[in-house]
Amino acid sequence: MKLKTILLSGVFALLSVTCMWGQSNKINIGVRGGLTIPNLTAIGKTTELNKDYATTERFGAAIFAEFKLSPLFSIQPMLEFSEEGAKKNKFQAFITPDELAQIYGPEQQYLYADFKSNAKLNYLMLPVLAKFGWNLSHTSPFRVYVDAGPFVGYLVSAKQIISGGNKTVYMDANGTIPAMIPVGVDPDTYEPIMAQLPPQPFDRTENIKDQLHRVSFGFEGNIGFQYQIKRNIIFIEGGGSYGVLNIQKQTTIIGKNNCGAGTVMVGYAYAL
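A brief look at the structure comes next. Since we're looking at a predicted model, the values are computed, not measured.

1. Notes on the overall build of the protein chain
When helices and strands are tallied, the protein chain shows two helices and 13 strands. The C-alpha atoms of the protein chain give 25 Å as radius of gyration, which overshoots the globular expectation for 272 residues (19 Å, by more than 25%). Referenced to the eigenvectors of the C-alpha coordinate spread, the extents of the protein chain come out at roughly 95 × 35 × 30 Å. Taking all 272 residues of the protein chain together, 39% fall into the buried category.

Below is the structure:
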C-alpha cells in the first residue's frame, strides 16, 4: 500500500469522525511534533546480531482529534509518523557473506569487524488514547494530563546504513582470529595455502524492509502540560511507545527484536 494512500485514508477517517462528533460535542483538533529516541530491544531469542543496540535521535509528528466525554476524560485518536530504529558503533557481528560461507561452512554463521550500523525504520501509527486531564484550578488556563492506549503501526520504509571504510574482518567476537581465505595449494602436501582476508569495505545502504514484518502492535502513553487561551491550546508532553510484537521475519540467525521510542513533543490544538 502506498504511503500517500495510507495518509489520505487516515486523514479522511479522522476528519469524518471529527465532523460527525463536532456537531453536538466538544472536540479539539491539533498537530504535534518533536523528538523521538528509539531503540531496538532484543526479546526471547538473542543472537550476535540483535543485541547491544544503542538509542539514537529521530523525528516524529502527528495529527489528532480529542473527543471530550467529560471535563476529566476524553478519547484521542491520532495519525502518527514515527522514525524509529537504533544504532551500533562498535566491534560487532554480521552475517557471513555467501562467498565466505562456502569456505568456512555453516558453523561460521557470523564474522566480526569494527564498523557503524544504523537501522532506520519509519512507521505510520494509529494510536487511540484514553486521556485524563485536570485544570490547576477552576479558572486556571493551565492543565495537566496523562494518556495511554494501543496502537497499530505500518512499516513505511526500513534501511540499514553501514559505514566505517575498509575494516579487518575477524572470525571471533574477541577480535583475535583474522578471517583467512585460500590463495593457492601447496604442491607438496596439496593443502590449501591460507592468507588473511584483505580489509573489506563497510560503506553501503541496504533496503531491509523485506526482512521485517509490515504490521506492528503496541501501546503508547504520555504525560503533558498545556496552556489554553480562548480556543487556542499549546502543549508539551513526554512519553513513548513500545511494540509488543517481534519485527523480524528471520529469527534463527538474526533473533527477535521489539521496536519502541521515547518521545518529547510540542503541539497546538484548536477547540471547536
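2. Things to note about the environment of proline 199
Note on placement: proline 199 falls in the loop between strand S8 (192–196) and strand S9 (200–201). Classification of proline 199 as partly exposed rests on a relative accessible area of 47%. Once residues within four sequence positions are removed from consideration, proline 199 is found in contact with Asn166, Lys167 and Thr168.

3. A closer look at the side chain of asparagine 258
Its place among the elements puts asparagine 258 in strand S13 (residues 257–271). Among the polar contacts listed, one links the side chain of asparagine 258 to the backbone oxygen of glycine 243, at a separation of 3.0 Å. Residues within four places of asparagine 258 in sequence aside, it is in contact with Asn39, Leu40, Thr41, Ile43, Tyr242, Gly243, Val244, Leu245 and Asn246.

4. Observations concerning the nonpolar core
Leu40, Leu121, Tyr123, Leu155, Ala158, Leu212 and Ile247 are the most contacted members of the largest nonpolar core, which has 14 residues in total. Residue assignment for this core shows that the elements contributing at least two residues are strand S4 (110–135) and strand S5 (142–163). In terms of residue count, S4 provides more of this core than any other element does, four residues in total. What isoleucine 247 contacts, discounting residues up to four positions off in sequence, is Leu40, Leu121, Tyr123, Gln211, Leu212, His213, Asn257 and Cys259.

5. Description of the packing of aromatic side chains
Any two aromatic rings considered together are summarised by their centre-to-centre distance and by the angle between their planes. This model, assessed by the stated rule, comprises 10 aromatic pairs. On the numbers, 5.5 Å between centres and 15° between planes, the contact of phenylalanine 142 with phenylalanine 225 is stacked. Here phenylalanine 142, found in strand S5, pairs with phenylalanine 225, found in strand S11 (residues 215–229); they are 83 residues apart in sequence, far enough to count as distant. Phenylalanine 142 sits in the partly exposed class, given a relative accessible area of 32%.

6. Topic: the side chain of glutamate 80
Examined against the element boundaries, glutamate 80 turns out to sit in strand S3 (residues 73–95). Of note is the side chain of glutamate 80, whose polar atom sits 2.8 Å from the side chain of arginine 32. Beyond its immediate sequence surroundings of up to four residues, glutamate 80 is in contact with Arg32, Ala61, Ala62, Tyr123, Leu124, Met125, Pro127 and Glu220.

7. A short note on the pattern of salt bridges
Between side chains of opposite charge, a pair can form as their charged atoms come close. Taken as a whole and assessed by the stated rule, the structure comprises nine salt bridges. Here aspartate 210 ties to arginine 214 by a salt bridge, and the two come within 3.5 Å at their closest N and O atoms. The network of salt bridges with common partners includes Arg32, Glu80, Glu220 and Glu237.

8. Quick notes on the environment of methionine 125
Inspection of the secondary structure puts methionine 125 in strand S4. Residue methionine 125 is classed as buried on the basis of its relative accessible area, which comes to 1%. Between the C-alpha atom of methionine 125 and that of phenylalanine 115, which follows or precedes it by 10 residues, the distance is 32 Å. Filtering out sequence-adjacent residues up to four positions away, methionine 125 remains in contact with Met78, Leu79, Glu80, Ser82, Glu84, Phe151, Val152, Gly153, Glu220 and Ser241.

9. Here's the deal with unusual backbone geometry
The backbone phi angle of tyrosine 190 is positive, close to 60°, even though this residue is not glycine. Structurally, tyrosine 190 can be placed in the loop between strand S7 (180–185) and S8. For lysine 230, which is not glycine, the phi torsion reads 55° and is therefore positive. Examined against the element boundaries, lysine 230 turns out to sit in the loop between S11 and strand S12 (232–243). Given a relative accessible area of 76%, lysine 230 falls into the exposed group.

10. Focus: the pairing of S11
As paired strands, S5 and S11 are joined by 13 bridges and run antiparallel to one another. Residue pairing across strands places glycine 149 opposite glutamate 220, the latter belonging to S11. Where S11 meets S12, 12 bridges bridge the pair, whose relative direction is antiparallel. Within S12, the residue paired with glycine 221 across the bridge is glycine 240. Counting the residues between successive antiparallel strands, the hairpin from S11 to S12 contains two residues, one of them, lysine 230, with a positive phi of roughly 55°.

Conventions adopted
Residues numbered from 1 in each chain as written. Predicted model: local features only at pLDDT ≥ 70, side-chain atom pairs only at ≥ 80, totals over all residues. Heavy atoms only, no water. Helix = DSSP H or I, 4+ residues; strand = E, 2+ residues; numbered from the N terminus. Rg over C-alpha atoms; globule rule 2.2 N^0.38 Å. Buried < 20%, exposed > 50% of the residue type's maximum accessible area, 1.4 Å probe, protein only. Contact = heavy atoms within 4.5 Å. Polar contact = N/O pair within 3.5 Å; in protein donor to acceptor, adjacent residues only side chain to side chain. Core = buried A, V, L, I, M, F, W, Y, C linked by side-chain atoms within 4.5 Å. Phe/Tyr/Trp six-rings, centres within 6.5 Å; stacked < 30°, edge-to-face > 60°. Salt bridge = Lys/Arg side-chain N within 4 Å of Asp/Glu carboxyl O. Pairing = 2+ DSSP bridges.

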